[in-house]
Amino acid sequence: MYSKIVILNFPPVVAQKALVCQLTKKYDLIFNILSAKISNKKEGYMVIELTSGSKAAFNKGVKYLKDQGVSVSYPEHQIYKDEEICTHCGSCIAVCPTDALYIKRPEMEIIFNKDKCSVCELCILTCPTRAMGLFSTQKAVA
Ligand code: SF4
Ligand code: SF4
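Rules used in this analysis
Residues numbered from 1 in each chain as written. Chains lettered and ligands numbered in written order. Predicted model: local features only at pLDDT ≥ 70, side-chain atom pairs only at ≥ 80, totals over all residues. Heavy atoms only, no water. Near = heavy atom within 4 Å. Nonpolar A, V, L, I, M, F, W, Y, C, P; charged D, E, K, R; others polar. Pairing = 2+ DSSP bridges. Helix = DSSP H or I, 4+ residues; strand = E, 2+ residues; numbered from the N terminus. Core = buried A, V, L, I, M, F, W, Y, C linked by side-chain atoms within 4.5 Å. Buried < 20%, exposed > 50% of the residue type's maximum accessible area, 1.4 Å probe, protein only. Contact = heavy atoms within 4.5 Å.

(A) Summary view of the site of ligand 1. Around ligand 1, the structure places 13 residues, and the nearest of them are Cys86, Cys89, Gly90, Cys92 and Cys127. Taken together, the residues of the shell around ligand 1 sort by class into eight nonpolar, five polar and no charged.

The structure is reproduced here in structure tokens:
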């Protein structure tokens, strides 16, 4: 099983097409939409968790999107958690939509799994100690 959070930017000409649904039909990929918006200029923005049986199938799906004119990038390392500042208060868990932040029991520690992070930034707004932060290292998919 191969799974990754992917950021998609759709130009206006393809923003209304159901391209993401084709990932399931054509490549047997599973997608979970974490965030989706359309701008005033009719450009689409979507963050999905994309899962496939193999990395090869995943890459085929990504290539399909790019061939349709969709800009594809990974949110790798954009969000970080400063372990020295975190007080493990748990406030961020309540707002995290992807369970990238979760509680480890019985230690009662708040753990950050960056592989599940959709970079929604809600934890940054919520964290009282500013332990959650943002890197600007979004990578375009080659
Ligand atoms: S809200 Fe901030 S201080 Fe509280 S557990 Fe989350 S990262 Fe740590
Ligand atoms: S940015 Fe924060 S709240 Fe949003 S998915 Fe990532 S860890 Fe969760």
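(B) Molecular detail of the pairing of strand E6 (residues 101-104). Two strands pair when backbone bridges link them, and E6 and strand E7 (residues 109-112) are joined in this way by four bridges, in the antiparallel orientation. Paired with Ile103 across the bridge in E7 is Ile110. Counted between consecutive antiparallel strands, the loop separating E6 from E7 contains four residues, among which Met108 sits at a positive phi close to 60 degrees.

(C) Quick look at the nonpolar core. Val6, Leu8, Phe10, Leu23, Leu50, Leu65 and Val70 are the most contacted members of the largest nonpolar core, which has 19 residues in total. For this core, the secondary-structure elements that each account for two or more residues are strand E1 (2-10), helix H1 (12-15), helix H2 (19-27), strand E3 (44-52), helix H3 (55-67) and strand E4 (71-74). A per-element tally of this core places H3 first, with four residues. Those residues within four positions of Val70 in sequence are excluded, and the remaining contacts are Leu8, Asn9, Phe10, Pro11, Val14, Leu19 and Leu65. Ile79, Cys86, Ala100 and Ala131 belong to the second largest nonpolar core, which has 14 residues in total.

(D) Representation of the site of ligand 2 within the structure. As a structural note, the neighbourhood of ligand 2 is formed by 13 residues, with Cys96, Cys117, Cys120, Glu121 and Cys123 the closest of them. Residues that form the shell around ligand 2 fall into these classes: ten nonpolar, two polar and one charged.

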